[in-house]
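Chains, contacts and geometry: an overview
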Protein chains: 2
Amino acid sequence: MSIENISSAKSFGGWHKQYSHRSSVLGCDMRFAIYLPPQAGNGTTVPVMYWLSGLTCSDENFMQKAGAHRLAAELGIAIVAPDTSPRGDHVPDDENEAYDFGKGAGFYVNATQEPWRQNYRMYDYILAELPALIGEHFPVNDNAVISGHSMGGHGALMMALRNPGKFRSVTAFSPICNPVNAPWGQKAFENYLGPKQADWADYDSAILMSAAQPTGFTPALVDQGDADGFLKDQLKPETLEQAAKNTGYPLTLRMQEGYDHSYYFIASFIEDHMRFHAKHLGL
Amino acid sequence: MSIENISSAKSFGGWHKQYSHRSSVLGCDMRFAIYLPPQAGNGTTVPVMYWLSGLTCSDENFMQKAGAHRLAAELGIAIVAPDTSPRGDHVPDDENEAYDFGKGAGFYVNATQEPWRQNYRMYDYILAELPALIGEHFPVNDNAVISGHSMGGHGALMMALRNPGKFRSVTAFSPICNPVNAPWGQKAFENYLGPKQADWADYDSAILMSAAQPTGFTPALVDQGDADGFLKDQLKPETLEQAAKNTGYPLTLRMQEGYDHSYYFIASFIEDHMRFHAKHLGL
């Protein structure tokens, strides 16, 4: 699989690079960004943190705004930031170009419904096609962790919960914890997955965590701001907390006083998340 | 002078806030951002770092991308980020809406030519009107430092050089050091200041530094990436280095290998700049 470099910038002694490539899973051209810390290369491989962004985002938001390169450089972790949906003029979009469905809002599912199922397969893209591409082209090893924000927090938790052993640890900022009971999730799942709510459960972190087995536990850290305007209707961290309590899941959920849903919140606590991953990566 | 709050977000225990206000100097409504570290308030005042941004930027670029809040919170320094030009439909702009002149490109001068002289007075705005507004509304003291990037690096150095004692220290990333001999500067100065090159010298840091007196020295730190595409034609740090050599000016100019003109470069070295300021502020 070939990739094309479209930008390079030195950052904290390492490199931030953007690439485009043809995705056979998504049926379109995609862009992703990678941060390679100074430790990577010359025979040395580094672990990878996958970052899944929220609604409307691309590969750029986290790389530009989170302040994560400093920690990735110190700890020796590569960061991969994919886009949040398939892209391109031929890819179907919400009829009103709404921010919360269609392009920029893939919700990290494999769509089963027309006209979405040809392109909206972000679950397979993130879990299989993209890691294969990263492993082929960059000096990384198989040790991976995953994090995300909002819709991407849902994606990170859901993927870790469904794939025990795949990620050494998972963290999320302001995740959509129980999308089957939240307006954003209901709109997306009904369109991508069809009207039967039983088909949605495999993409719901609170439901998945309620059924998790100790052998499949992945250490998890979640931060949520208590001044986040989406907290009550869309994010519902209490559902995740209750699920963890029921199963004994190793979840640390922290309510952060006064913080909102923005990247200022992410930047304020990204150091804790990166060090949490580093610990579970044995760094 | 009244100000209107238009956004607030908690960040690293402090607050990032945006305000709009009527500028009598610029004859238009302006927006600025302030970061208030957790130390500020309840009777405690903190010093202020003014950040001047580069071409096309607003109050947002530095606040979102530089990773400076972490250090401001640690050191107890407020950051004020003004816009880069007057704004509004009634404010004249480049006839082709070029990125390097007119709106987003005020060059921190007081224009003397029509139709610019009514609104394009960023020098007076940054040095007088804005600090008065900040002092009136926020828990800051009179200890100020100044920094900037590219066009804003020119602004920061030029203002420190013309106003001995006003700033405890000055730093710049990739500044336009000798604008009278650079295409960006020549275009801006000819339009804002008229065709007589003698009228441009007061806004040229290399010329100002060549004539600086030891009693007016301000400690200065400049970082420049050697992979910056604007280095040779527009930025010309060698002119500043030569001027400092001639006068004994306390300038540290560092060429940083492999870095470009982007905010990834700024983020990589902002810690050095903030600690440089902290030292000269006696923190």
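Computed from a prediction, not measured in an experiment: that's the story for all the values here. (Residues numbered from 1 in each chain as written. Chains lettered and ligands numbered in written order. Predicted model: local features only at pLDDT ≥ 70, side-chain atom pairs only at ≥ 80, totals over all residues. Heavy atoms only, no water.)

**A word on the relation of the copies chain A and chain B**
At an RMSD of 0.0 Å, chain A and chain B line up after a rotation of 180 degrees and a shift of 0.0 Å along the axis. A rotation of that kind, with that shift, is consistent with a two-fold axis. (Least-squares fit on C-alpha atoms with pLDDT ≥ 70 in both.)

**What to know about the pattern of salt bridges**
All names here are of chain A. Considering all chains together, one arrives at 26 salt bridges over all chains under this definition. A salt bridge links D29 to R22; the shortest N-O distance between them is 3.5 Å. With a shortest N-O distance of 2.9 Å, R275 and E271 are connected by a salt bridge. A residue pair is termed a helical-turn pair when its members lie 3 or 4 positions apart in one helix, as R275 and E271 do in helix α9 (residues 263–280) at four residues. (Salt bridge = Lys/Arg side-chain N within 4 Å of Asp/Glu carboxyl O. Helix = DSSP H or I, 4+ residues; strand = E, 2+ residues; numbered from the N terminus.)

**Considerations on the UniProt feature "active site" (unreviewed entry) in chain A**
Residues and elements named next belong to chain A. The residues that UniProt annotates with the feature "active site" (unreviewed entry) are S150, D228 and H261. For the residues just named, distributed over 112 residues, the greatest C-alpha separation is only 10.8 Å, placing them together at one site. Within the secondary structure, D228 sits in the loop between β8 (220–225) and α7 (231–235). Residue D228 is classed as buried on the basis of its relative accessible area, which comes to 5%. Excluding residues within four positions of it along the chain, D228 makes contact with S174, L235, Y259, D260 and H261. As for its placement among the helices and strands, H261 is situated in the loop between β9 (251–256) and α9. Among the polar contacts made by the side chain of H261, one reaches the side chain of S150 at a distance of 2.9 Å. (UniProt positions renumbered as here; feature names shortened; annotations may be inferred. Buried < 20%, exposed > 50% of the residue type's maximum accessible area, 1.4 Å probe, protein only. Contact = heavy atoms within 4.5 Å. Polar contact = N/O pair within 3.5 Å; in protein donor to acceptor, adjacent residues only side chain to side chain.)

**A few points about the packing of aromatic side chains**
The geometry of an aromatic ring pair is captured by the separation of the ring centres together with the interplanar angle, meaning the angle of the planes. Enumeration over the complete set of coordinates arrives at 42 aromatic pairs over all chains. Aromatic side chains F101 of chain A and Y192 of chain A sit 4.5 Å apart centroid to centroid with 35 degrees between the ring planes, which places their arrangement in the tilted category. Of this pair, F101 of chain A sits in the loop between β5 (78–82) and α3 (122–137) while Y192 of chain A sits in helix α5 (residues 183–193); the two residues are 91 residues apart in sequence, bridging distant segments of the chain. Given a relative accessible area of 2%, F101 of chain A falls into the buried group. Looking at Y192 of chain A, the relative accessible area reads 0%, which means it is buried. Each ring, one from W116 of chain B and one from Y192 of chain B, has its centre 6.1 Å from the other, and the planes form 90 degrees; the classification is edge-to-face. Linking W116 of chain B in the loop between β5 (78–82) and α3 (122–137) with Y192 of chain B in helix α5 (residues 183–193), this pair joins segments that are 76 residues apart in sequence. You can call W116 of chain B buried: its relative accessible area is 9%. (Phe/Tyr/Trp six-rings, centres within 6.5 Å; stacked < 30°, edge-to-face > 60°.)

**Regarding the sheet that holds strand β1 (residues 3–11) of chain A**
Residues and elements named next belong to chain A. With mixed pairing, nine strands are arranged side by side in an open sheet as β1-β2-β3-β5-β4-β6-β7-β8-β9. In the strand order of this sheet, the two ends are held by β1 and β9, each with one partner. Sheet twist, expressed as the average angle between the axes of neighbouring strands with direction ignored, equals 20 degrees. Relative to β5, strand β4 (residues 46–52) is paired through three bridges, and the arrangement is parallel. For Y50, the partnering residue across the bridge sits in β5 and is V80. Against the sheet, α3 engages β1, β2 (14–23), β3 (28–36), β4, β5 and β6 (140–149), with an angle of about 55 degrees to β3. Those strands touched by helix α4 (residues 151–162) are β4, β6, β7 (170–173) and β8, and its axis lies near 135 degrees from that of β6. (Pairing = 2+ DSSP bridges. Axes fitted to C-alpha atoms, helices over the stretch in contact; angles between N-to-C directions.)

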